[in-house]
Structures are given as C-alpha cells and as structure tokens.
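# Results of the structural survey
Chain by chain, the residues run as shown.
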Amino acid sequence: MSSMDEWTSNIIQNDPMRMYRAKRDATRRSVSSKYSILGFISSGTYGRVYKAQSLGEDAKIHAIKKFKPDKEGDVITYTGISQSAIREIALNREIDHENIVALKEVILEDKSIYMVFEFAEHDFLAIIQHHATTLRTAITPPVLKSLIYQLFNGLIYLHSCHILHRDLKPANILINAQGVVKIGDLGLARLIYQPLQPLFAGDKVVVTIWYRAPELLMGAKHYNKAIDCWAVGCVMAELASLRPIFKGEEAKLDSKKNVPFQRDQLLKIFEVLGTPEEQDWPGVKDMIEYQNMKRLDPYTNRLYEWCQTRVRSHNGYDLLRQLFAYDPDNRLTAKEALQHKWFHEEPLPTWNAFQAAPQQIPPHRRITQDEAPSMVPLPAAPFNSQTQSKPGSSASMSGGGPYVVQSGGNGGNGRKKQRMG
Amino acid sequence: MATDFWASSQYKRWIVDRATLRQARADDLLYIDDPEHLDFLAIYFAEVVGKLGKKLRLPQRAIATATVFFRRFYLKNSYCETDPFIVIAACCYVAAKAEECPVHIKNVVGDARQIFCHEPYNAKNFPSDNSKLAEMEFYLVDDLECDLTVFHPYRTLLALCKSVDASDDQATAQEEEAGEVGAGIAADDGPRYWGTGEGQLELPPNGLQTAWFIVNDTYRSELCLLYPPHLIAIAAIYLTCIFHPATHETVAAVLASGSASTTASAAADPPPRRSSRQAAERKKPAQDPLAFLAELNVSLPLIATIAQEIIAMYTLWDRYKEDASAADTPDSRGEDEAVVTPALLTAVLLKMREARFQDMAHPSSGRPVAVNKMLERTQAAG
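Residues numbered from 1 in each chain as written. Chains lettered and ligands numbered in written order. Predicted model: local features only at pLDDT ≥ 70, side-chain atom pairs only at ≥ 80, totals over all residues.

### Thoughts on the sheet that holds strand β1 (residues 35-43) of chain A
Residues and elements named next belong to chain A. Within the open sheet, the five strands sit side by side as β1-β2-β3-β7-β6. Their pairing is antiparallel. Strand pairing shows two members of the sheet lacking a second neighbour, β1 and β6 (103-109), which therefore form its edges. Neighbour to neighbour, the strand axes of the sheet diverge by 25° on average, direction disregarded. In this sheet, strand β2 (residues 47-54) lies alongside β1 in antiparallel orientation, the contact comprising seven bridges. Note on β2: the bridge partner recorded for I37 is A52. (Pairing = 2+ DSSP bridges. Helix = DSSP H or I, 4+ residues; strand = E, 2+ residues; numbered from the N terminus. Axes fitted to C-alpha atoms, helices over the stretch in contact; angles between N-to-C directions.)

Rendered as structure tokens:
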C-alpha cells in the first residue's frame, strides 16, 4: 500500500466520523419532509408540542413533541440528551397498549429530538375546564366512571411492565376523538424492576404537588406503584368536583436543593382525610417529616361528607376511600381497583367514554401559530387550521384559562412540577 | 416489558442470524489481512468498553448494555469507516442513562481520554470537546433506532439458580449481584413458562459465581446479537456443570449412581439427556443439574450450540494477551496459534481505516470521485 496521503491522514486525525455522518445525514428524512406542521399545542420545561399531519397517504394527525435543544448563546449545540428524553424514548419504544399514547417514531434532526405521537383531541384538564366554565354542570356518572376505568386499565399495563408513571395529572391524561383514554407524558416515568440505585437517588421530587402521595410528602426514600394510585384518586376526585381536591401551595426547594416540608399540601390532605393515625399507617412514625407532621393541628376524616354532594354513589366513595389509604401497602392497586364494585354497578363503563353523553365532549384542542417559529422548520404550505384558534390566545393547555387560579408569589402554578436531575 | 422479552424491541429487532453478522463485517473483511483478527477485535472492543465502564464506576449491567449498544451499532456500520473509540464512549454514556445511573458527559470525555490516548490504544485524536461526544450520542441513538432497553442473562441466572452455600462471602457476593440484575425474564410474576416452576437449581459453593462470570465473558463475543438472553444464561449454567469442579462432582455423582440403563459413555456425552429423566425422580438433596436443565422448556441442542460458541470464544481469548512478552514462548504454539495483543489489534484497526479512507479518496479508477458518489455506491451495496 502506498503511504497515506494528506487527505486520508487529515480525516483520520481530525474528524474520523465525518464520512459516517455524511452517510447517515444523506439517508435521514426530515420532519418537514414527512409532516406538515399545523400549529402549536403547548409547551413545557421539556420543549414544545405541535399538531402535525402526515404527508403520507394516510394523512393522519399527530402530536410532535420537540425537545428543547441546548443553546450556547444563539448557537444550538450538542450537550447530551437529557435523562428525561432518554427515559421517555426508551420506555415508549417498548410499550404498546390501547390506553397509552402510542409513539409512532422518533426523528433526530438538526440537533433536536422529535417524538411523533398519535394525536389525542382532548385531555382530562380540558374536560374539567369545559364542565366548570362552559357547561357549568358536573361530569355525568357514566362519563366519569368510563374515564377512570380506562385510566386504571392503562395503569395496570404500565405497572405490569414495572413502570411507574410518577406524573399522573389531568393535563397528562388524554382522550382521543373516539372517547378512548390515553395516558401520556412518560418523561418522569421509569422502570422500577430491581433498580441499580434507589429511586430517590435519581429524582428528588416526583409528581406534581396536588397529586403527590402522602408518603412522598412525608419524605419517603422508597416508594412504589402506590404513588400512581394515589394520583388517580386525586384525578377521580377532581373529575367529580371539577376542582383539585388537595390544592396546596408547594414549598420550594431551598438554594441547596433540600426538599422542604410540604406543610400546606399535607394540611389540605388532612382537612379531608384527617390526620393519619399510627394504627392506619404503622410506617408513618419512621418517616423523615413525622415530627413536623405532629406539630400540625389535628383533623378528622370527612371524606364521606366530601363525597355526599360530589360523588353521589356509596361505591364511588368506597373506591376513593381505598385509593386514599394513607398506608401505601393498604392502598388499592390498579388491578384491585378495576375489580371494585363501583365499576360493576350501573352505569357500566364504556369504551367510548362519551357514549352516554356526547354533549359533554369538550371543544377541539386549540392550536396557534408558533410564537417561536424557528423551533420547527415551517412547511411550505400556509397554515390552514387557524380557524380553531382564537386570535391572540396562547392556547397552552396547561397554562392560562379561567380554570387555573393564579396564586400569587412563589406558591405559583401547582400544576407545574419541578424536574431535577 | 420488563417482564416480557417476547414483546421487547430486543426480540423484535435485534436478534439476528449469522448471515446478517457476516454481512455487517463484509466491508471490514476487504481491508483485513487475517479474518481471524475480526474475532479478536470483538474481544478487544469488549475489553475497551469494560475498561471505560469500570473507570466510570458503571455497574456490570450498564457495562453489558453499553457493549450490546456497541454490537448493535456495528451491525449497521464498519470498523474501517468509523472511529470505534468515540462510539465506545458514546455507548457508555447512553447506557449509563438508559440504566438510570447517569454520569456527567465531561467525566466520560475525561476518563475516555485517559484510557484511549495511551498504549495500547493510542487514540490520540480522541476529542476533548464534550459536544463531539454529544454529537456521537445523537447519531448512536438514531442508529440504535431508539431501542435503549436491553435484556441480559443475569436475571434469568438468578431466577433459575441459587447457591446452597450460606457462608458469609457467598451471601455477600449474591447480594451484590442481586443489585445488578438487569431486565430479563422475571421469575416472580407467575409461573415460569419455560420450566417446571418447581424451585430453583441449587448450585454448589461458587457455582453461581462461576455462571455469572461466564455470562460476563459472553459479551466478548457477538452472542448477545444471536440468542435471547435466557438461553445464554442456561448455556452458562450448563458450562458451569462441566467446568466448575464442585458442580461437576455433583453431576458426576448423580450420573455414577444412575441406573444400569445409563451407559458408561453418558458421562462424557454432553448433554446426557437420557439419564436425566431418571435422575430427576430421585429425592433431594442429590439434585441433578442436568436433569434441571432438561426439564426447562428450551431446546437443549440449541443450548449445546451456544455452549460451543462460548467455548470457541474462550479458545480465542486464551490467545489474546495484554502483553506479548508475558505470553508463552513462541514455539509452544503452532503457526495458527499465534498470540494476539491489543497493540497488534490497534495497528490492524488503524491500517484498515487508512486503507478504507484512501480507497474512498482514490477509487480503483484512479480518479478521485466526489465523496457522495462513493457513499451512494456503498449504500447500494450495503
């Protein structure tokens, strides 16, 4: 072989992966070559979600989640894929269930990650808001029961796969146009089968404060599937009453990122469920925040009264009571919940949650033109779906709207969870 | 998913046949003088992944996952067209996140440079810039088709076996291992579908440890691309029965006390399935490991094949020496038995890459062609 020439040497020494990248870039299909972006749906700490239509023959509608790219100044650069994105991608690639939002594909393009999901027209938060502000009536029992039934059905699947969702709340639970519930946003979810490190080591704070289980609020280092079941209890109560049942103010992490005592959130829970007794929850006295808890005023359980006007079914009350068991070991599991009498008495749950009451379907998801159009390469076609969006509306599903009460100060928006690590 | 290998991305997309493996190395074969060196490179790369993983203090399972990512990446790419060292660093970085034990990117870059920039790897051009590794991560995840959940044989091993020895060190060893159990087929979720569900195989002291080490060693080959992890675990148990002295004694004792119908040759015949059924009816504690294996609902000829492939890897590995001077005297080995060192393989690798890049710049026609043309041809061929 002749001696290495300069070109070869230069490439091997300076950028040995250049050929590889050129080859890969040549085969990659861009987001805009496969989808037409119809508009912007919502944003969060992770990035932004867009409504898009497949340019393929099926012309299906999708939700494309674009993870926020990292920037150094104005230059987008590679800084490593976030743990949250890796989780959401890794878990979604393995799972497949009617009641979980399906991932269609992941496109890595131009230093950004795009996750293409099936589109769901509504979510639990939109239904609550629609009933609270437009219809001004309660969600009817068959609809309520169908929504919770399907939510548990999806949760059983996740739990049987040893996946904790860790962020169940109305905004993350979607419903498609056919009335089928789809659990979404696995960005905080993780596999718990024999973890290499305790769960606590990874994420100090999990679950949005209003839906956070008492063992987490009490500082538990070890927790399990029961935290998701508590959250479902909160969601069920919220659907029944059209407002969060435990709407506490979150105490923020201090500058050293120590987790503070969540006094207000615990008080909100105790006001309805009473102060936990050792006989109901033997483990409570060993919890980090036990002494703090002892200093709070005592309350008695009045869940039964709470349910009288809101749930209006004895079995419905009994299901909530068991989902709100203080001791995680006594809390109903997703599987046990589906066996509960409430789901087996009239009205029975239906696969189209709105079957009995089509008038309760909330309006279509609003979309707007992206305020940050650089986030997605704009398609050549003009926006044509602006009819659904109100001018000037930000249309963020989890922000704004009369439903979310803007509390002052750093009590902030309880629907936003903190992400760490 | 954690419980169902058959529904996993690994089963659906990442178990391939030998022909696919051969095809994946087709380009590399054009640039290598001795095809056997490709098998040695499989060992070499596994060692490099292991070294970086240990330096980053990754648990064994995360190192195994990184190795699997590396193998999957090279199902689609050639050693001669890429820089395996940056790929290895990216595999470790992604595997740590996928296994929920993340490490900071700057530690990966720093530790990788400490290992790779020196003998015997001499990859002095390894980037010191974090964004280069992050860029590679991006392409790696794309080539892995975002399938980041990997099943390993470790869990099957612990589901099937326990150690009879209760001495302190053994108990500790097992406890440590339990923390390292990867995604696999769980034994605690209902009855095992491939076995009798009747208890576990009790291995003599250190037997489980031996099987565990054999599983670790399988990552030096491409077995993780060829067979489901539970079969690799069972092959490791089978090899433990043969090579682990205490376990082998148990097997031999059971066979020796077997009925007259067991021929004398059975002991030498792996696997002696005919005798095992009778042995299984015997009362404990003389539990017959071979009978246990025979009762699993897996193909024993397939297990024997995997065991053979593991042995073939050990035969190769025996000739792989960190340092040529520490090796046996040259005349103690035949011509085909030459010792292979990492330094030699580093040179082989560099030569392959130089030759490949030169060909891409100057194809046989003698006229330089545009890179893209070459790429198109390569793609059409691949």
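Next, the rest of the story.
### Here we look at helix α13 (residues 229-243) of chain B
With 15 residues, α13(B) extends 21 Å between its outermost C-alpha atoms, agreeing within 8% with the 21 Å of an ideal straight helix rising 1.5 Å per residue. Counting buried positions over the 15 residues of α13(B) gives 13, a clear majority of the element. (Expected span 1.5 Å × (residues − 1). Buried ≥ 20, exposed ≤ 12 C-beta atoms within 10 Å, placed from the backbone.)

### Structural notes on the pairing of strand β7 (residues 112-118) of chain A
All names here are of chain A. Extensive coverage of β7 is indicated by the burial of five of its seven residues. Sheet topology note: the strand β3 (residues 61-67)/β7 ladder contains five bridges and is antiparallel. When the sheet's bridge partners are listed, K65 is paired in β7 with M115. Here β6 pairs with β7 via six bridges, running antiparallel. Residue pairing across strands places V106 opposite M115, the latter belonging to β7. Hairpin connection from β6 to β7: two residues lie between these consecutive antiparallel strands, with D110 at a positive phi of about 55°.

### Quick notes on the confidence of the model for chain A
Summarising the model, chain A shows a mean pLDDT of 85, and 84% of its residues fall at 70 or more. The low-confidence segment residues 377-414 of chain A (pLDDT under 50) makes 62 contacts with residues lying over four places distant or belonging to another chain. (pLDDT = per-residue confidence, 0-100. Contact = placed C-beta atoms within 7 Å.)

### Considerations on the interface of chain A and chain B
In this assembly, 42 residues from chain A lie in contact with 45 residues from chain B. Residue assignment for the side of chain A that touches chain B shows that the elements contributing at least two residues are α1 (6-14), α2 (18-27), α4 (83-94), β6 and β12 (190-191) of chain A. The dominant element in the side of chain A that touches chain B, judged by the number of residues it contributes, is α2(A), at seven residues. Tallied by class, residues from the side of chain A that touches chain B come to 24 nonpolar, eleven polar and seven charged. (Nonpolar A, V, L, I, M, F, W, Y, C, P; charged D, E, K, R; others polar.)

### Some points on the nonpolar core
Residues and elements named next belong to chain B. Among the nonpolar cores identified, the biggest contains 206 residues, and V49, I88, A89, C91, C92, A235 and I237 are the most heavily contacted of them. Considering each element in turn, this core owes the most residues, 13 residues, to helix α6 (residues 84-98). Beyond its immediate chain neighbours, meaning those up to four positions away, C91 contacts V49, A66, F69, F70 and L140. (Core = buried A, V, L, I, M, F, W, Y, C linked by C-beta atoms within 7 Å.)

### Some details on the domain arrangement of chain B
Residue and element names in this part refer to chain B. Annotation of chain B at the domain level lists domain 1 (18-150 + 326-382) and domain 2 (153-318). Between domain 1 and domain 2, the residue contacts involve 16 residues of the former and 13 residues of the latter. When contributions to the side of domain 1 that touches domain 2 are tallied by element, the ones reaching two or more residues are α4 (36-55) and α5 (60-76). With seven residues, α5 is the single largest residue contributor to the side of domain 1 that touches domain 2. Here the side of domain 1 that touches domain 2 is built from residues that sort into ten nonpolar, three polar and three charged. (Domains from an automatic or database assignment.)

### What to know about the packing of helix α9 (residues 153-160) of chain B against helix α11 (residues 207-218) of chain B
The description of two helices packed together rests on the angle between their axes and the distance between the axes. All names here are of chain B. Between α9 and α11, whose axes approach to 10 Å, the crossing angle comes to 165°. Between α9 and α11, the angle falls in the class roughly antiparallel. Here α9 runs over α11; the crossing is right-handed. Residue-level contacts link P153, Y154 and L157 of α9 to A211, W212 and V215 of α11. Of the residues belonging to the contact of α9 with α11, the class tally is six nonpolar, no polar and no charged. (Parallel < 35°, antiparallel > 145°, perpendicular 65-115°, else oblique. Left-handed = near helix turned anticlockwise from the far one by under 90°.)

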